[in-house]
Amino acid sequence: MDVLNLIGGRWSEGEGEEFADTNPARPAEVVARGRFASAREVERAVAAAREAAPGWAATPHHARAAVLLGAADLVDGNAGEWGAELAREEGKTLPEAVAEVRGAARILRYYAGEADRESGEIYASPRPGENVLVVRKPIGVIGMITPFNFPIAIPAWKIGPALSYGNTVVWKPSSLVPLLACRLARALTEAGLPDGVLNLVYGEADAGTAIVGHPGVNAISFTGSTAVGRAVIARCGELGKPVQTEMGGKNASIVLADADLDHAAEQVVLGAFRSTGQKCTATSRLIVASQVADDLLERVAARASGLVVGDPLEDGVEMGPLVSSAARDRVSAGVRRAVEEGAKPLSDGGRLGDRDGWFVPPTVLDLPGTGVDFWHTELFGPVVGAVRADGAEEALGLANLSDHGLSAAIFTRDLGVALQAVERLEVGVLHVNSESAGTFPYVPFGGTKQSGFGPKEQGRAAREFFTQTVTVYLGAPA
C-alpha cells in the first residue's frame, strides 16, 4: 500500500526520499511505501494548521466531539484489519495489535466526552457584585512526534485531547510505522475533520527538528527516547515553548518474600515480554527478596523459556520480533555485554531456530549486582535482569537506583509495605500486585526524573497541557 502525507486536507505523495515499511517478522515483505515530506511541505503543514486554528477553536466543543466519536466508530469497525496491519508493520502479536486499535477508539471516545464535562471554574470574589472565572482556551498549533511501539494508541492519546480542546496539529509519526498513522488520520478526516486541523507529515529527524523549532508551532508533545527528548526539551526551553515529553524507562518490579510467587512470576513475564519488551513501561529490572529469589527466578525463567516466539500473525504466538534489525542488534549487544560483566542467563532461547526476522529470545539474567551497565541502560527489548535484596527497605532503595522514573511494580501481601512503596518509589506509575506495564486512558500517565518532563498525558491531566487558562474578574456594570 502507498501511504500519503496529509497537508491542508489534501493527501499527496511527499517531495522527499522514498521509504519502505517492512514486516519485521519477514523483512523481505513490504507492508507499505511512501515518500517523506520535504522542508517546504513541513512549512505548508504548519501554515495549514495555523489557518485552520481559529475556525476549529470557535467550533462548539460538542461538534468537535462528534468528529472524535465518528472516528472512534471507524477505528473500532476496522480493528481486525488494522490490527493485522499493525502486527505486520510493528511486530506485536495479533491479539495485542487488535487490542491496541480498539484502545485507540476508547481514547477518542473518552476525549469526546470532555464536551460533557465542566470546562472552567468559578470563584467567589471579595468585591461586591463580582465573580472570578477561570476559562480554558486552546493553545493553538501543537507539534506532535510519536514513536513506533504503539503506532495508533500513542497518537490517539495525543491527538484526541488536542482536537477535543480546540487545537490544530502537525504530526510526525515514526517512519517505521507509517501505515497505522495513515489509518488514524483517514478515520479522522472521514469523520468530518475540517481541512488543515490535522496534518500528517512523514519524515526523519530533520522533520521533527523543523516542527519543534518552527515559530508557527505553539507547543510540542513528544514521546521517544530520553536522549532525543532531552534535546527537544532544550530546544523548547530556548524558544520559550511549552513542551510535554514521555521518554525512556528502566522499570523495576519488586517481589517480596510474602508475595504469591506464581502470580508474581506470571506478571513479571507479562511485563517483560509482551510487545517484545518494546514498551516504555516494560519490566526491565527485577528485585527479589533473597529468601525466595531462587524459587521466583526459576519460575520466571521457565515461563520465559516456554514462550512461543514467531510470526505475530500466527495462532498461539506469544512474542513477535523486534521492530528492526538495528533494534535486534542493540538488544543482542546489550545482553552480550551483561554476560561479559558477569550476568548469568537463566532462560533458554534455543527455540528460536533459524529465522529471517528481527527476533531475539526472551531473556532472564541473574545479575552480579547493580554496577553492571544493564542496570542503568534501557535496551527496549525482551530482557529482564534480576538482583537480590534483603528486605523491603533495600528493595525500595535498589528500585530508585536509576536515572529513570516511569513505572514500577511491587508484589506483597503487606498493605503497610505497599503504602511505603507509594511514598518512597520515585516513579509516575506504580502497580501493586500487577505488571509494571499498562495504563488506562482516564488517569494521568507519565514519569519522573529522566522519564518525563512537563504536564502528564491522558485523563484530565491532558487538559493542563492542551489548554491555557484565562482568569476573568467579572464585575457588574457600575
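For the structure given in this document, a descriptive report is provided here. (Residues numbered from 1 in each chain as written. Predicted model: local features only at pLDDT ≥ 70, side-chain atom pairs only at ≥ 80, totals over all residues. Heavy atoms only, no water.)

### Side note on the overall build of the protein
When helices and strands are tallied, the protein shows 14 helices and 22 strands. Its C-alpha radius of gyration of 23 Å places the protein within 12% of the 23 Å reference for a compact globule of 478 residues. For the protein, the spread of C-alpha atoms along the three principal axes comes to 75 × 60 × 40 Å. Evaluated residue by residue, the protein yields a buried proportion of 57% over its 478 residues. Across the protein, every contact between residues at least 6 apart in sequence was considered, and the portion connecting residues at least 24 apart equals 73%. When the accessible surface of the protein is summed, it comes to about 18600 Å², and 53% of that surface belongs to carbon and sulfur atoms. The centroid of the 44 positive side-chain charges in the protein is displaced by 4 Å from the centroid of its 59 negative side-chain charges. (Helix = DSSP H or I, 4+ residues; strand = E, 2+ residues; numbered from the N terminus. Rg over C-alpha atoms; globule rule 2.2 N^0.38 Å. Buried < 20%, exposed > 50% of the residue type's maximum accessible area, 1.4 Å probe, protein only. Contact = heavy atoms within 4.5 Å. Areas by Shrake-Rupley, 256 points an atom, 1.4 Å probe, with all protein chains shown as cover. Lys, Arg positive; Asp, Glu negative; His and termini not counted. Charge placed at Lys NZ, Arg CZ, Asp CG, Glu CD.)

### Things to note about the sheet that holds strand β6 (residues 130-138)
The strand order β5-β6-β22 describes an open sheet built from three strands, whose pairing is antiparallel. At either margin of the open sheet sits one strand with a lone partner, and together these are β5 (120-124) and β22 (467-475). For this sheet the average axis-to-axis angle between neighbouring strands, irrespective of direction, equals 20°. Pairing analysis gives nine bridges linking β6 to β22, with the strands arranged antiparallel. Residue Asn 131 lies in a different strand from β22, and its bridge partner there is Leu 474. (Pairing = 2+ DSSP bridges. Axes fitted to C-alpha atoms, helices over the stretch in contact; angles between N-to-C directions.)

### Notes on empty space enclosed by the protein
Per the counting criterion, the structure on display carries four cavities of 30 Å³ or more. Counted as a void, the largest cavity has a volume near 100 Å³. In terms of lining residues, the largest cavity is bounded by 14 residues, among which Gly 277, Ser 284, Glu 378, Phe 380 and Gly 381 are the most central. Looking at the second largest cavity, its volume works out to about 80 Å³. (1 Å grid on protein atoms, 1.4 Å probe; cavity = no way out; pocket = protein on both sides within 12 Å on 5 of 7 lines; lining within 4 Å. Points joined across faces, edges and corners; volume = space filled by probe spheres on them.)

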